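Working through the structure, step by step
For reference, the chains in residue letters:
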Amino acid sequence: MKARALAEALDGRVTGDADAEIARAVHPAEVACERDIAIAITPDTVRLLGASRAHTVLVLEGTELPPRQFGTTIFVRRSRSNLPAITQIFHHRPTINLGIHPSAVVAPDAVIGEDAMVGPLVVIGPGAVIGPRSTILSQATIEDGVTIGADCLIYPGVRIGWGCNIGDRAILHYNVSIGADGFGYVAGRPGAHETAEVAGDCQIEPRRNEQQKVHSLSIVVIGNDVEVGALTAIDRGTLKPTRIGSGTKIDDHVLIGHNVEIGTDCLLCGQVGLAGSVAIGDSVVLGGRVAVADHIKIGDRAVVAAAACVGTNIPAGAVYAGYPAVPRSEAMENLKLLRRLRRLMARGQNIPTSVA
Amino acid sequence: MKDGLERTLIRIIATQAHLDPPLVVPGATLSDLGVTSLDLVEIIMTIEDEYDVIIPVDAVEASNNYKTVGDLIELGVSFGLEGHKRES
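Examining the overall build of chain B
When you go through chain B residue by residue, the secondary structure sums to four helices and zero strands. Order of helices (α) and strands (β) in chain B, N terminus to C terminus: α-α-α-α. Expected size for 88 residues packed as a compact globule is a radius of gyration near 12 Å; at 12 Å, chain B falls within 12% of this value. Counting only C-alpha atoms, chain B reaches 30 × 30 × 20 Å along its principal axes. Residue burial in chain B is summarised as follows: out of 88 residues, 24% are buried. Long-range pairs, those at least 24 residues apart, make up 65% of the contacts in chain B between residues at least 6 apart in sequence.

This is how it looks when you write it as structure tokens:
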């Protein structure tokens, strides 16, 4: 596209050659040719422009440019939407060949919506419904009775188990698993963990205690505008669906256990793990590697800092951190007390350990 | 005396944030220096250790209240650390 058109799309202005052709948007250090535009909307990236090979640059209004000539400069106003808007224009779109690839295996009664695409080696089971304009890329498996809404993008290797429902405009990245069985077992006699909870240890008799599988009879229901990162697994519910609310975004390598209910517009960062029956409100943010124990409830708009281990319910609007997770101010205070304890212990090192 | 306090605090901040001390000037913002809220807790704790004092500031509010290196120096001044005998 031409620089003029890009500036118009971003509600910005151009100086220099407005007819310059732009093919890629890149970091200033990654500029490889004249058709690359260097995006420099942070102080760190602006500093790199001086040594960059950039011919065309995009910066914020008021940016002090390094003392060198650029062929074309686009100025945009400071906005939280700059990066979403720029990347929306330049993002990679998969090659789409409408219709069903000859190597795909599609059940005769599956419904493939208008202008949908079914890629090579895709398997679509009986009774599945693929919404209009949705794209199913190679080697995905859509089992029987699955419904996928309109305008979805299903990346290669995604598996969606029988009966699960996906809303409109979902993006499921490589190898997402939706609808595997939940991790549920009941031992014939109280198991080691149950014994330990009551007795404090698990000195149980040394014979087999067979785990009986609790089957997962329900499905996964995913709302509209949900994005799920690569290798994330969302297990099906036991007697009611596992639910993901509209607008929620889930990072790579997240585990969502059976019966979990997640509200709308939540953010779950990488390696989050939610045990079974966790209930999460709307607009909740869970930092990377947050672990949540089974049946815990987290209120609307709560934020949990990375690597926290949640073993108690969290009220709406609260910020929690640490192991075990506690209100952030308390977690910080605990850190300070630990540091002071070091000094206290050093001071008390000559105190006798016994008064006997 | 304030110069001594300033030098000490700049050293503590530079060490915690892995920065060249010349970059740590009173006008520099902690955010531009890459000092995180956790760094700030460690910085305040190191000040406590070095001066053998307790600085009873709320760690969460600290990141809102202390935005620059100068703010931290003023914090030290307000707790009477100028001329305070440092732990060796």
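Next comes the rest of the description.
Some thoughts on the environment of isoleucine 166 of chain A
Residue and element names in this part refer to chain A. The topology assignment puts isoleucine 166 in strand β17 (residues 165-166). Expressed as a C-alpha distance, the spacing of isoleucine 166 and aspartate 225, which sit 59 residues apart in the sequence, is 9.6 Å. In contact with isoleucine 166, other than residues within four places in its own chain, are Thr147, Ile148, Gly149, Cys152, Ile160 and Ile222.

Quick word on the interface of chain B and chain A
How big an interface is tends to be stated in terms of the accessible area lost upon association of its parts. Counting residues at the interface gives seven residues for chain B, matched by nine residues for chain A. Residue assignment for the side of chain B that touches chain A shows that the elements contributing at least two residues are α2 (37-51) and α3 (59-65) of chain B. Per-element accounting of the side of chain B that touches chain A gives the leading share, four residues, to α2 of chain B. Taken together, the residues of the side of chain B that touches chain A sort by class into four nonpolar, no polar and three charged.

A short note on the sheet that holds strand β14 (residues 147-148) of chain A
Residues and elements named next belong to chain A. Pairing within the open sheet is parallel, and its nine strands lie in the order β8-β11-β14-β17-β22-β25-β28-β31-β34. The sheet is open, and its two borders are formed by β8 (111-112) and β34 (297-298), each paired with just one other strand. In this structure, strand β28 (residues 261-262) lies alongside strand β31 (residues 279-280), joined through two bridges in parallel fashion. Considered in β31, the bridge of isoleucine 262 is made with isoleucine 280.

Some details on the sheet that holds strand β36 (residues 309-310) of chain A
All names here are of chain A. The strand order across the open sheet formed by 10 strands is β7-β10-β13-β16-β19-β24-β27-β30-β33-β36, and the pairing between neighbours is parallel. Every other strand in the sheet has two partners, leaving β7 (105-106) and β36 as the edge strands with one partner each. In terms of strand pairing, strand β30 (residues 273-274) meets strand β33 (residues 291-292) through two bridges, oriented parallel. Directly across from glycine 273, in β33, lies its bridge partner alanine 291.

Digging into the environment of valine 221 of chain A
If you trace the backbone, valine 221 of chain A turns up in strand β22 (residues 220-222). Along the primary structure valine 221 of chain A and asparagine 97 of chain A are separated by 124 residues, whereas in three dimensions their C-alpha atoms are 28 Å apart.

So, the packing of helix α5 (residues 328-347) of chain A against α2 of chain B
A pair of packed helices can be characterised by two numbers: the angle between their axes and the separation between those axes. One can describe the packing of α5 of chain A onto α2 of chain B by two numbers: an axis separation of 10 Å at closest approach and a directional angle of 25°. With respect to each other, α5 of chain A and α2 of chain B are oriented roughly parallel. For the pair α5 of chain A and α2 of chain B, the crossing hand works out as right-handed. Between α5 of chain A and α2 of chain B, the contacting residues are Met332, Leu335, Lys336, Arg339, Arg340 and Arg343 of chain A on the first element and Val41, Met45, Glu48 and Asp49 of chain B on the second. When its residues are assigned to classes, the contact of α5 of chain A with α2 of chain B shows four nonpolar, no polar and six charged.

Digging into the domain arrangement of chain A
According to the domain assignment, chain A consists of domain 1 (3-90) and domain 2 (99-328). For domain 1 of chain A versus domain 2 of chain A, the distance between C-alpha centres works out to 39 Å.

Regarding the nonpolar core
Ranked by internal contacts, the top residues of the largest apolar core, which has 83 residues, are Val118, Ile136, Ile154 and Val304 of chain A together with Ile13 of chain B. Listing elements by their share of this core, those giving two or more residues are β9 (117-118), β15 (153-154), β22, β37 (319-321) and α5 of chain A together with α1 (2-17), α2 and α4 (69-78) of chain B. Among the elements that line this core, the one with the most residues is α2 of chain B, at six residues. The residues contacting valine 304 of chain A, other than those within four sequence positions of it, are Leu286, Gly287, Val290, Val310, Ile314, Tyr320 and Ala325 of chain A. Ala7, Ala38, Ile39 and Leu49 of chain A belong to the second-largest nonpolar core, a separate cluster that totals 20 residues.

Some details on helix α4 (residues 192-199) of chain A
Of all the eight residues making up α4 of chain A, zero are buried; the element is thus mostly uncovered. Phi turns positive, to about 90°, at glycine 200 of chain A, one or two residues after α4 of chain A.

Focus on the pairing of strand β19 (residues 177-180) of chain A
Sheet topology note: the strand β16 (residues 159-160) of chain A/β19 of chain A ladder contains two bridges and is parallel. Of the residues in β19 of chain A, the one forming a bridge with arginine 159 of chain A is serine 177 of chain A.

Looking at the environment of aspartate 3 of chain B
Turning to its location among the elements, aspartate 3 of chain B is positioned in helix α1. Considered as a pair, aspartate 3 of chain B and asparagine 65 of chain B are 62 residues apart in the sequence and their alpha carbons are 22 Å apart.

What counts, and where the lines are drawn
Residues numbered from 1 in each chain as written. Chains lettered and ligands numbered in written order. Predicted model: local features only at pLDDT ≥ 70, side-chain atom pairs only at ≥ 80, totals over all residues. Helix = DSSP H or I, 4+ residues; strand = E, 2+ residues; numbered from the N terminus. Rg over C-alpha atoms; globule rule 2.2 N^0.38 Å. Buried ≥ 20, exposed ≤ 12 C-beta atoms within 10 Å, placed from the backbone. Contact = placed C-beta atoms within 7 Å. Nonpolar A, V, L, I, M, F, W, Y, C, P; charged D, E, K, R; others polar. Pairing = 2+ DSSP bridges. Axes fitted to C-alpha atoms, helices over the stretch in contact; angles between N-to-C directions. Parallel < 35°, antiparallel > 145°, perpendicular 65-115°, else oblique. Left-handed = near helix turned anticlockwise from the far one by under 90°. Domains from an automatic or database assignment. Core = buried A, V, L, I, M, F, W, Y, C linked by C-beta atoms within 7 Å.

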